[in-house]
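Below, each chain spelled out in residue letters.
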Amino acid sequence: MTAFPEIEKIRYEGPDSRNPLAFRYYNPDEVVEGKPMREHFRFSVAYWHTFRGTGSDPFGAPTMIRPWEGADTVENAINRVRVAFEFMEKLGVEYYCFHDRDVAPEGKTLAETNRNLDAVVKVLKEEQERTGIKLLWGTANLFSNPRYVHGAATSCNADVFAYAAAQVKKMLEVTHELGGQGYVFWGGREGYQNLYNTDMKRELDHLAAFLHMAVDYKKKIGFEGQFYIEPKPKEPTKHQYDSDAAACINFLRAYDLTDDFKLNIETNHATLAGHEMMHEIEYAAHQGFLGSIDANTGDLLLGWDTDQFPTNIYLTTQCMLVILKYGGLAGGINFDAKVRRESFEPVDLFHAHIGGMDAFARGLKIAAAIRADGVLDQFVKERYSSWDTGIGAEIEAGKHTLESLAQYIMEKGDIEPNRSGRQEYLENLINMYL
Ligand code: XLS
Ligand code: NI
Ligand code: NI
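As the structure is a computational prediction, the values presented were derived from the model and not from experiment. The numbering scheme is per chain: residues are counted from 1 as the chain's sequence reads. Naming scheme: in the order in which they are written, chains are lettered from A and ligands are numbered from 1. Only residues with pLDDT of at least 70 get local features here, since the model is predicted, and only at 80 or more are side-chain atom pairs given and counted; chain-wide, interface and lining totals rely on the full set of residues. Side-chain measures were taken over the full set of non-hydrogen atoms in the model, leaving aside hydrogen atoms and water.

Draft legend 1. Highlighting the pattern of salt bridges. Salt bridge, as used here: a side-chain nitrogen of Lys or Arg that lies within 4 Å of a carboxyl oxygen of Asp or Glu. Applying the stated criterion to the full structure yields 23 salt bridges. Ionic pairing is found between Glu30 and Lys365, a salt bridge with its closest N-O pair at 2.7 Å. In this pair, Glu30 is assigned in the loop between β2 (22-23) and β3 (31-32) and Lys365 in helix α12 (residues 346-373), connecting sequence segments 335 residues apart. Look at Lys365 and you get partly exposed, because its relative accessible area is 33%. Secondary structure is summarised from DSSP: a helix means a run of H or I of at least four residues, a strand means a run of E of at least two, and numbering begins at the N terminus for each. The classification of residues rests on relative accessible area computed with a 1.4 Å probe and restricted to protein chains. Under 20% of the type maximum is buried, over 50% is exposed, and intermediate values are partly exposed.

Next up, the structure:
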(Lines give C-alpha, C1' and ligand atoms only; values in the text may rest on other atoms or scores of the structure.)
(Ligands and ions follow the chains in the order given, each with its own letter.)
Protein backbone atom coordinates (compact mmCIF):
# COMPACT_ATOMS: atom_id res chain seq x y z
CA MET A 1 0.00 0.00 0.00
CA THR A 2 1.25 3.44 -0.80
CA ALA A 3 -0.31 6.82 -0.14
CA PHE A 4 1.76 8.67 -2.74
CA PRO A 5 1.99 6.20 -5.63
CA GLU A 6 3.02 8.79 -8.21
CA ILE A 7 5.86 10.22 -6.19
CA GLU A 8 9.38 8.88 -6.23
CA LYS A 9 12.04 9.76 -3.71
CA ILE A 10 12.81 13.48 -4.03
CA ARG A 11 16.38 13.97 -5.18
CA TYR A 12 18.84 16.78 -5.53
CA GLU A 13 19.10 17.67 -9.22
CA GLY A 14 20.87 21.02 -9.03
CA PRO A 15 19.84 24.60 -9.89
CA ASP A 16 19.25 23.89 -13.59
CA SER A 17 16.62 21.22 -13.00
CA ARG A 18 13.08 22.14 -13.97
CA ASN A 19 11.60 19.13 -12.19
CA PRO A 20 9.20 20.54 -9.58
CA LEU A 21 9.61 17.38 -7.52
CA ALA A 22 13.37 17.71 -7.08
CA PHE A 23 15.67 19.81 -4.91
CA ARG A 24 17.59 22.49 -6.71
CA TYR A 25 19.61 23.67 -3.71
CA TYR A 26 19.11 21.27 -0.82
CA ASN A 27 21.83 18.70 -1.25
CA PRO A 28 21.97 16.88 2.09
CA ASP A 29 25.60 15.77 1.82
CA GLU A 30 27.01 19.02 0.49
CA VAL A 31 29.39 20.51 3.01
CA VAL A 32 29.04 24.19 3.88
CA GLU A 33 31.28 25.75 6.53
CA GLY A 34 32.56 22.30 7.43
CA LYS A 35 29.19 20.64 7.97
CA PRO A 36 26.83 18.78 5.62
CA MET A 37 23.56 20.57 4.91
CA ARG A 38 21.50 17.87 6.60
CA GLU A 39 23.24 18.69 9.89
CA HIS A 40 22.95 22.44 9.51
CA PHE A 41 19.19 22.15 9.23
CA ARG A 42 17.86 18.93 10.72
CA PHE A 43 14.62 19.55 8.85
CA SER A 44 11.48 18.36 10.52
CA VAL A 45 7.88 17.83 9.42
CA ALA A 46 5.12 19.11 11.72
CA TYR A 47 2.62 16.30 12.16
CA TRP A 48 -0.23 18.63 13.08
CA HIS A 49 -0.19 20.67 9.90
CA THR A 50 0.98 18.13 7.38
CA PHE A 51 -1.01 15.12 8.55
CA ARG A 52 -3.86 16.67 10.51
CA GLY A 53 -4.49 19.94 8.67
CA THR A 54 -7.92 19.82 7.10
CA GLY A 55 -8.10 23.17 5.37
CA SER A 56 -11.16 24.24 7.34
CA ASP A 57 -11.38 27.91 8.29
CA PRO A 58 -13.97 29.96 10.20
CA PHE A 59 -15.94 30.34 6.98
CA GLY A 60 -15.73 26.92 5.46
CA ALA A 61 -15.45 23.17 5.70
CA PRO A 62 -12.33 21.04 5.23
CA THR A 63 -10.93 21.02 1.71
CA MET A 64 -7.94 18.68 1.90
CA ILE A 65 -8.08 15.54 -0.21
CA ARG A 66 -6.44 12.86 1.92
CA PRO A 67 -7.51 9.46 0.59
CA TRP A 68 -5.92 7.67 3.53
CA GLU A 69 -8.08 9.43 6.15
CA GLY A 70 -11.09 7.74 7.79
CA ALA A 71 -12.90 7.78 11.10
CA ASP A 72 -11.12 9.18 14.15
CA THR A 73 -10.07 5.77 15.45
CA VAL A 74 -6.84 4.27 16.70
CA GLU A 75 -6.80 2.05 13.65
CA ASN A 76 -6.92 5.02 11.33
CA ALA A 77 -4.32 6.83 13.45
CA ILE A 78 -1.97 3.89 13.01
CA ASN A 79 -2.54 3.86 9.29
CA ARG A 80 -1.79 7.59 9.20
CA VAL A 81 1.58 6.92 10.86
CA ARG A 82 2.53 4.68 7.94
CA VAL A 83 1.47 7.42 5.53
CA ALA A 84 3.45 10.02 7.45
CA PHE A 85 6.62 7.96 7.35
CA GLU A 86 6.20 7.22 3.65
CA PHE A 87 5.90 10.96 3.08
CA MET A 88 8.98 11.79 5.17
CA GLU A 89 11.04 9.03 3.59
CA LYS A 90 10.19 10.19 0.09
CA LEU A 91 10.91 13.78 1.03
CA GLY A 92 14.21 12.87 2.69
CA VAL A 93 13.43 14.68 5.93
CA GLU A 94 15.07 13.10 8.95
CA TYR A 95 12.98 14.50 11.80
CA TYR A 96 9.39 15.13 12.79
CA CYS A 97 7.51 16.78 15.67
CA PHE A 98 4.08 16.10 17.11
CA HIS A 99 1.60 16.94 19.86
CA ASP A 100 0.12 14.01 21.78
CA ARG A 101 -3.30 14.71 20.29
CA ASP A 102 -2.04 14.87 16.70
CA VAL A 103 -1.21 11.20 16.61
CA ALA A 104 -3.98 9.50 18.57
CA PRO A 105 -7.65 10.23 19.37
CA GLU A 106 -8.77 11.25 22.84
CA GLY A 107 -10.80 8.66 24.71
CA LYS A 108 -13.54 9.15 27.28
CA THR A 109 -11.09 9.20 30.17
CA LEU A 110 -7.43 10.12 30.46
CA ALA A 111 -6.63 6.44 31.02
CA GLU A 112 -8.29 5.52 27.72
CA THR A 113 -6.60 8.44 25.97
CA ASN A 114 -3.23 7.26 27.24
CA ARG A 115 -3.92 3.73 26.00
CA ASN A 116 -4.79 5.10 22.57
CA LEU A 117 -1.57 7.07 22.56
CA ASP A 118 0.48 4.04 23.59
CA ALA A 119 -0.96 1.98 20.75
CA VAL A 120 0.10 4.59 18.19
CA VAL A 121 3.45 5.31 19.81
CA LYS A 122 4.32 1.64 19.37
CA VAL A 123 3.92 2.08 15.63
CA LEU A 124 5.76 5.42 15.60
CA LYS A 125 8.65 3.61 17.20
CA GLU A 126 8.55 0.81 14.66
CA GLU A 127 8.54 3.29 11.82
CA GLN A 128 11.38 5.30 13.37
CA GLU A 129 13.42 2.11 13.57
CA ARG A 130 12.53 1.07 10.02
CA THR A 131 13.41 4.43 8.46
CA GLY A 132 15.93 6.04 10.81
CA ILE A 133 13.68 9.12 11.02
CA LYS A 134 13.92 10.70 14.47
CA LEU A 135 11.75 12.77 16.76
CA LEU A 136 13.04 16.35 16.96
CA TRP A 137 10.63 17.23 19.74
CA GLY A 138 7.38 16.22 21.30
CA THR A 139 4.77 18.41 22.93
CA ALA A 140 1.37 18.22 24.59
CA ASN A 141 -1.69 19.92 23.16
CA LEU A 142 -2.94 21.94 26.12
CA PHE A 143 -5.23 24.22 24.15
CA SER A 144 -7.71 22.42 21.85
CA ASN A 145 -9.93 20.62 24.33
CA PRO A 146 -12.65 22.88 25.87
CA ARG A 147 -11.30 22.16 29.35
CA TYR A 148 -8.42 24.49 28.46
CA VAL A 149 -10.70 27.42 27.71
CA HIS A 150 -8.98 29.53 30.41
CA GLY A 151 -5.50 28.16 29.73
CA ALA A 152 -3.71 25.14 31.16
CA ALA A 153 -0.93 25.88 33.66
CA THR A 154 -2.35 29.41 33.95
CA SER A 155 -5.98 28.37 34.27
CA CYS A 156 -8.08 29.84 37.08
CA ASN A 157 -9.17 26.24 37.76
CA ALA A 158 -6.71 24.10 39.74
CA ASP A 159 -8.15 20.86 38.35
CA VAL A 160 -7.28 22.02 34.87
CA PHE A 161 -3.70 22.66 35.98
CA ALA A 162 -3.63 19.12 37.36
CA TYR A 163 -5.04 17.67 34.14
CA ALA A 164 -2.41 19.50 32.11
CA ALA A 165 0.27 18.17 34.45
CA ALA A 166 -0.98 14.63 33.90
CA GLN A 167 -0.90 15.17 30.16
CA VAL A 168 2.64 16.56 30.19
CA LYS A 169 3.82 13.71 32.43
CA LYS A 170 2.58 11.21 29.86
CA MET A 171 3.96 13.12 26.88
CA LEU A 172 7.38 13.40 28.53
CA GLU A 173 7.38 9.63 28.92
CA VAL A 174 6.36 9.18 25.30
CA THR A 175 8.98 11.63 24.03
CA HIS A 176 11.61 9.84 26.10
CA GLU A 177 10.45 6.45 24.82
CA LEU A 178 10.80 7.66 21.22
CA GLY A 179 14.27 9.09 21.80
CA GLY A 180 13.03 12.64 21.27
CA GLN A 181 15.80 15.23 21.12
CA GLY A 182 13.69 17.90 22.73
CA TYR A 183 10.37 18.87 24.22
CA VAL A 184 8.48 22.08 23.47
CA PHE A 185 6.23 24.12 25.71
CA TRP A 186 4.09 26.42 23.64
CA GLY A 187 1.53 27.95 25.93
CA GLY A 188 -1.47 27.65 23.68
CA ARG A 189 -3.78 29.63 25.94
CA GLU A 190 -1.28 30.69 28.60
CA GLY A 191 -2.22 34.33 28.56
CA TYR A 192 -5.38 36.35 28.95
CA GLN A 193 -8.05 38.36 27.20
CA ASN A 194 -8.93 40.80 29.94
CA LEU A 195 -7.21 41.96 33.13
CA TYR A 196 -10.51 42.65 34.89
CA ASN A 197 -10.85 38.92 35.52
CA THR A 198 -7.17 37.94 35.64
CA ASP A 199 -4.62 37.60 38.45
CA MET A 200 -1.52 37.87 36.28
CA LYS A 201 1.03 37.39 39.04
CA ARG A 202 -0.68 34.25 40.27
CA GLU A 203 -0.95 32.82 36.76
CA LEU A 204 2.74 33.42 36.08
CA ASP A 205 3.70 31.83 39.40
CA HIS A 206 1.63 28.80 38.42
CA LEU A 207 3.24 28.58 35.00
CA ALA A 208 6.67 28.60 36.61
CA ALA A 209 5.65 25.95 39.14
CA PHE A 210 4.36 23.82 36.28
CA LEU A 211 7.63 24.08 34.37
CA HIS A 212 9.63 23.27 37.51
CA MET A 213 7.53 20.11 37.92
CA ALA A 214 8.32 19.20 34.32
CA VAL A 215 12.04 19.69 34.95
CA ASP A 216 11.86 17.52 38.06
CA TYR A 217 10.05 14.77 36.20
CA LYS A 218 12.40 14.96 33.25
CA LYS A 219 15.30 14.32 35.62
CA LYS A 220 13.44 11.58 37.41
CA ILE A 221 12.84 9.55 34.25
CA GLY A 222 16.29 10.32 32.83
CA PHE A 223 15.04 12.22 29.77
CA GLU A 224 17.99 14.17 28.42
CA GLY A 225 16.31 16.06 25.61
CA GLN A 226 16.37 19.84 25.57
CA PHE A 227 13.35 21.76 26.93
CA TYR A 228 12.18 24.71 24.84
CA ILE A 229 9.74 27.55 25.34
CA GLU A 230 8.20 28.87 22.13
CA PRO A 231 7.49 32.61 22.20
CA LYS A 232 4.32 34.00 20.64
CA PRO A 233 2.70 37.32 21.57
CA LYS A 234 -0.95 36.71 20.74
CA GLU A 235 -3.38 34.23 19.19
CA PRO A 236 -5.36 32.62 20.57
CA THR A 237 -5.29 34.93 23.59
CA LYS A 238 -4.84 38.67 23.24
CA HIS A 239 -1.77 38.67 25.51
CA GLN A 240 0.23 35.45 25.53
CA TYR A 241 2.68 35.46 28.44
CA ASP A 242 5.61 34.04 26.44
CA SER A 243 5.36 37.01 24.11
CA ASP A 244 8.81 37.23 22.56
CA ALA A 245 12.38 36.05 23.13
CA ALA A 246 13.15 38.83 25.59
CA ALA A 247 9.98 38.23 27.62
CA CYS A 248 10.64 34.48 27.75
CA ILE A 249 14.21 34.96 28.90
CA ASN A 250 13.07 37.38 31.57
CA PHE A 251 10.51 34.83 32.76
CA LEU A 252 13.10 32.04 32.83
CA ARG A 253 15.47 34.23 34.84
CA ALA A 254 12.81 35.48 37.23
CA TYR A 255 11.75 31.94 38.06
CA ASP A 256 15.14 30.23 38.10
CA LEU A 257 14.54 28.10 35.01
CA THR A 258 17.52 29.15 32.90
CA ASP A 259 19.47 25.91 33.30
CA ASP A 260 16.81 23.78 31.71
CA PHE A 261 15.28 25.81 28.89
CA LYS A 262 16.18 27.26 25.54
CA LEU A 263 13.88 28.86 22.98
CA ASN A 264 12.14 27.50 19.94
CA ILE A 265 11.78 30.58 17.77
CA GLU A 266 9.04 30.78 15.15
CA THR A 267 9.10 33.20 12.24
CA ASN A 268 5.42 34.08 12.15
CA HIS A 269 5.40 34.59 15.92
CA ALA A 270 8.30 37.03 15.60
CA THR A 271 6.29 38.97 13.05
CA LEU A 272 3.23 39.05 15.32
CA ALA A 273 5.47 40.41 18.08
CA GLY A 274 6.56 43.23 15.78
CA HIS A 275 10.03 41.80 15.28
CA GLU A 276 11.95 40.41 12.37
CA MET A 277 12.90 36.74 12.71
CA MET A 278 16.53 37.79 12.54
CA HIS A 279 15.98 39.96 15.61
CA GLU A 280 14.45 37.14 17.62
CA ILE A 281 17.21 34.67 16.72
CA GLU A 282 19.89 37.24 17.49
CA TYR A 283 18.29 38.16 20.80
CA ALA A 284 17.94 34.56 21.94
CA ALA A 285 21.39 33.60 20.70
CA HIS A 286 23.49 36.34 22.28
CA GLN A 287 21.76 35.63 25.61
CA GLY A 288 22.60 31.92 25.25
CA PHE A 289 19.05 30.68 24.61
CA LEU A 290 18.98 29.81 20.92
CA GLY A 291 17.63 26.30 20.62
CA SER A 292 15.48 25.41 17.66
CA ILE A 293 13.47 27.04 14.87
CA ASP A 294 9.85 26.73 13.79
CA ALA A 295 10.20 27.78 10.18
CA ASN A 296 7.30 29.39 8.39
CA THR A 297 6.26 32.87 7.38
CA GLY A 298 3.26 35.14 7.74
CA ASP A 299 1.56 37.35 5.24
CA LEU A 300 2.02 41.00 6.16
CA LEU A 301 -1.26 41.91 4.50
CA LEU A 302 -3.17 39.40 6.60
CA GLY A 303 -1.30 40.04 9.84
CA TRP A 304 -2.11 36.71 11.45
CA ASP A 305 -0.34 33.43 12.21
CA THR A 306 -0.97 32.11 8.71
CA ASP A 307 1.92 29.63 8.93
CA GLN A 308 2.90 29.68 5.28
CA PHE A 309 5.92 27.81 4.02
CA PRO A 310 9.02 30.01 3.87
CA THR A 311 10.13 30.70 0.31
CA ASN A 312 11.64 34.14 0.73
CA ILE A 313 15.40 34.02 0.18
CA TYR A 314 16.04 37.23 2.12
CA LEU A 315 14.31 35.68 5.12
CA THR A 316 16.26 32.42 5.01
CA THR A 317 19.54 34.26 4.34
CA GLN A 318 18.96 36.46 7.40
CA CYS A 319 18.14 33.42 9.54
CA MET A 320 21.23 31.58 8.38
CA LEU A 321 23.51 34.60 8.85
CA VAL A 322 22.63 34.70 12.55
CA ILE A 323 22.51 30.92 13.01
CA LEU A 324 25.98 30.52 11.49
CA LYS A 325 27.28 33.44 13.54
CA TYR A 326 26.37 31.55 16.70
CA GLY A 327 27.75 28.20 15.58
CA GLY A 328 24.52 26.54 14.44
CA LEU A 329 21.34 25.24 15.99
CA ALA A 330 21.29 22.71 18.80
CA GLY A 331 17.80 21.72 17.66
CA GLY A 332 16.62 21.83 14.08
CA ILE A 333 14.32 23.49 11.58
CA ASN A 334 10.76 22.34 11.97
CA PHE A 335 8.33 23.39 9.27
CA ASP A 336 5.52 24.61 11.48
CA ALA A 337 3.73 25.50 8.27
CA LYS A 338 0.67 24.46 6.37
CA VAL A 339 -0.33 24.35 2.74
CA ARG A 340 -3.02 26.84 1.77
CA ARG A 341 -6.65 25.77 1.91
CA GLU A 342 -6.73 26.00 -1.86
CA SER A 343 -3.71 23.67 -2.20
CA PHE A 344 -5.67 20.58 -1.32
CA GLU A 345 -3.99 17.76 -3.23
CA PRO A 346 -1.45 15.45 -1.55
CA VAL A 347 1.27 16.50 -3.99
CA ASP A 348 1.04 20.06 -2.63
CA LEU A 349 2.56 18.77 0.61
CA PHE A 350 5.67 17.86 -1.36
CA HIS A 351 5.85 21.16 -3.24
CA ALA A 352 5.53 23.04 0.04
CA HIS A 353 8.31 21.22 1.88
CA ILE A 354 10.63 21.11 -1.11
CA GLY A 355 10.26 24.87 -1.46
CA GLY A 356 11.02 25.49 2.20
CA MET A 357 14.05 23.20 2.19
CA ASP A 358 15.42 24.73 -0.99
CA ALA A 359 14.88 28.24 0.36
CA PHE A 360 16.89 27.39 3.48
CA ALA A 361 19.61 25.71 1.44
CA ARG A 362 19.95 28.83 -0.68
CA GLY A 363 19.92 31.01 2.42
CA LEU A 364 22.69 28.89 3.90
CA LYS A 365 24.86 29.13 0.79
CA ILE A 366 24.32 32.87 0.44
CA ALA A 367 25.02 33.48 4.12
CA ALA A 368 28.16 31.35 3.94
CA ALA A 369 29.37 33.31 0.90
CA ILE A 370 28.78 36.63 2.66
CA ARG A 371 30.64 35.35 5.70
CA ALA A 372 33.51 33.98 3.65
CA ASP A 373 34.09 37.41 2.13
CA GLY A 374 33.85 38.95 5.57
CA VAL A 375 32.57 42.31 4.28
CA LEU A 376 29.63 42.55 6.67
CA ASP A 377 31.73 41.51 9.65
CA GLN A 378 34.41 43.97 8.64
CA PHE A 379 31.86 46.75 8.35
CA VAL A 380 30.44 46.09 11.80
CA LYS A 381 33.90 45.79 13.29
CA GLU A 382 34.92 49.15 11.89
CA ARG A 383 31.64 50.73 12.91
CA TYR A 384 32.44 49.96 16.53
CA SER A 385 36.18 50.59 16.30
CA SER A 386 36.00 53.54 18.70
CA TRP A 387 35.50 50.92 21.40
CA ASP A 388 38.68 49.00 20.59
CA THR A 389 41.22 51.54 21.86
CA GLY A 390 41.43 54.67 23.96
CA ILE A 391 38.41 55.86 25.88
CA GLY A 392 36.12 53.16 24.42
CA ALA A 393 38.36 50.34 25.57
CA GLU A 394 38.69 51.99 28.98
CA ILE A 395 34.89 52.25 29.37
CA GLU A 396 34.42 48.62 28.36
CA ALA A 397 37.07 47.66 30.90
CA GLY A 398 35.01 49.35 33.62
CA LYS A 399 37.60 52.05 34.30
CA HIS A 400 35.24 55.04 34.14
CA THR A 401 32.51 56.87 36.02
CA LEU A 402 30.11 59.64 35.05
CA GLU A 403 32.54 62.11 36.60
CA SER A 404 35.61 60.89 34.76
CA LEU A 405 33.70 60.86 31.47
CA ALA A 406 32.39 64.38 32.08
CA GLN A 407 35.94 65.50 32.67
CA TYR A 408 37.14 63.68 29.51
CA ILE A 409 34.52 65.43 27.37
CA MET A 410 35.17 68.85 28.94
CA GLU A 411 38.82 68.53 28.05
CA LYS A 412 38.13 67.17 24.60
CA GLY A 413 35.61 69.84 23.59
CA ASP A 414 33.21 69.14 20.72
CA ILE A 415 33.12 65.69 19.13
CA GLU A 416 33.16 64.56 15.50
CA PRO A 417 29.91 63.32 13.97
CA ASN A 418 30.22 59.57 13.60
CA ARG A 419 30.50 57.74 10.30
CA SER A 420 27.53 56.86 8.08
CA GLY A 421 25.52 53.71 8.84
CA ARG A 422 25.46 52.98 5.08
CA GLN A 423 22.26 50.98 5.21
CA GLU A 424 21.55 51.32 1.49
CA TYR A 425 25.10 50.34 0.59
CA LEU A 426 24.77 47.24 2.78
CA GLU A 427 21.39 46.29 1.33
CA ASN A 428 22.90 46.55 -2.14
CA LEU A 429 25.82 44.46 -0.96
CA ILE A 430 23.52 41.66 0.23
CA ASN A 431 21.78 41.76 -3.16
CA MET A 432 25.12 41.07 -4.85
CA TYR A 433 25.14 37.66 -3.19
CA LEU A 434 21.58 36.75 -4.04
C1 XLS B 1 1.23 27.73 17.35
C2 XLS B 1 2.50 27.09 17.65
C3 XLS B 1 2.43 25.59 17.80
C4 XLS B 1 3.67 25.07 18.49
C5 XLS B 1 3.52 23.69 19.03
O6 XLS B 1 1.15 28.86 16.91
O7 XLS B 1 3.42 27.45 16.68
O8 XLS B 1 2.23 24.99 16.58
O9 XLS B 1 4.76 25.09 17.64
O10 XLS B 1 2.53 23.61 19.98
NI1 NI C 1 5.30 26.58 16.42
NI1 NI D 1 2.70 29.18 15.31
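Draft legend 2. Structural view of the nonpolar core. Phe41, Leu91, Tyr96, Phe98, Leu124 and Leu263 are the most contacted members of the largest nonpolar core, which has 109 residues in total. Contacts were defined at the residue level, with two residues in contact if any of their heavy atoms lie within 4.5 Å. With near-sequence residues (within four places) excluded, Phe41 lies in contact with Tyr26, Met320, Gly332, Ile333, Phe360, Ala361 and Leu364. As used here, the term nonpolar core means buried Ala, Val, Leu, Ile, Met, Phe, Trp, Tyr and Cys residues forming a set that is joined through side-chain atoms within 4.5 Å. Counting 10 residues, the second-largest nonpolar core is a separate cluster that includes Tyr95, Leu136, Trp137 and Val184.

Draft legend 3. The site of ligand 1, seen in detail. Lining the immediate surroundings of ligand 1 are Trp48, His99, Trp137, Trp186, Glu230, Lys232, Glu266, His269, Asp294, Asp305 and Asp336. Pairs of N or O atoms within 3.5 Å make up the polar contacts considered here, provided that, within protein, one atom can donate a hydrogen while the other can accept it, and that residues adjacent in sequence are counted only when both atoms are side-chain atoms. For ligand 1, an oxygen atom lies 2.7 Å from a polar atom in the side chain of His99. Here, Shrake-Rupley sampling with a 1.4 Å probe gives the accessible areas, and only protein chains in the shown set may cover a residue. For ligand 1, whose free accessible area comes to 290 Å², the fraction covered by protein is 94%. Residue classes follow a fixed rule: Ala, Val, Leu, Ile, Met, Phe, Trp, Tyr, Cys and Pro count as nonpolar, while Asp, Glu, Lys and Arg count as charged, and any other residue, Gly among them, counts as polar. Among the residues forming the shell around ligand 1, the class breakdown is 3 nonpolar, 2 polar and 6 charged. We call a residue near a molecule or strand whenever a single non-hydrogen atom of that residue lies within 4 Å of it.

Draft legend 4. Geometry of the side chain of Asn141. Relative to the assigned elements, Asn141 resides in the loop between β7 (134-139) and α6 (158-177). A relative accessible area of 9% means that Asn141 is categorised as buried. Polar contacts involving the side chain of Asn141 include one to the side chain of Ser144, which spans 2.9 Å. For Asn141, the residues in contact, after removing those within four places along its chain, are His99, Asp100, Arg101, Tyr148 and Gln167.

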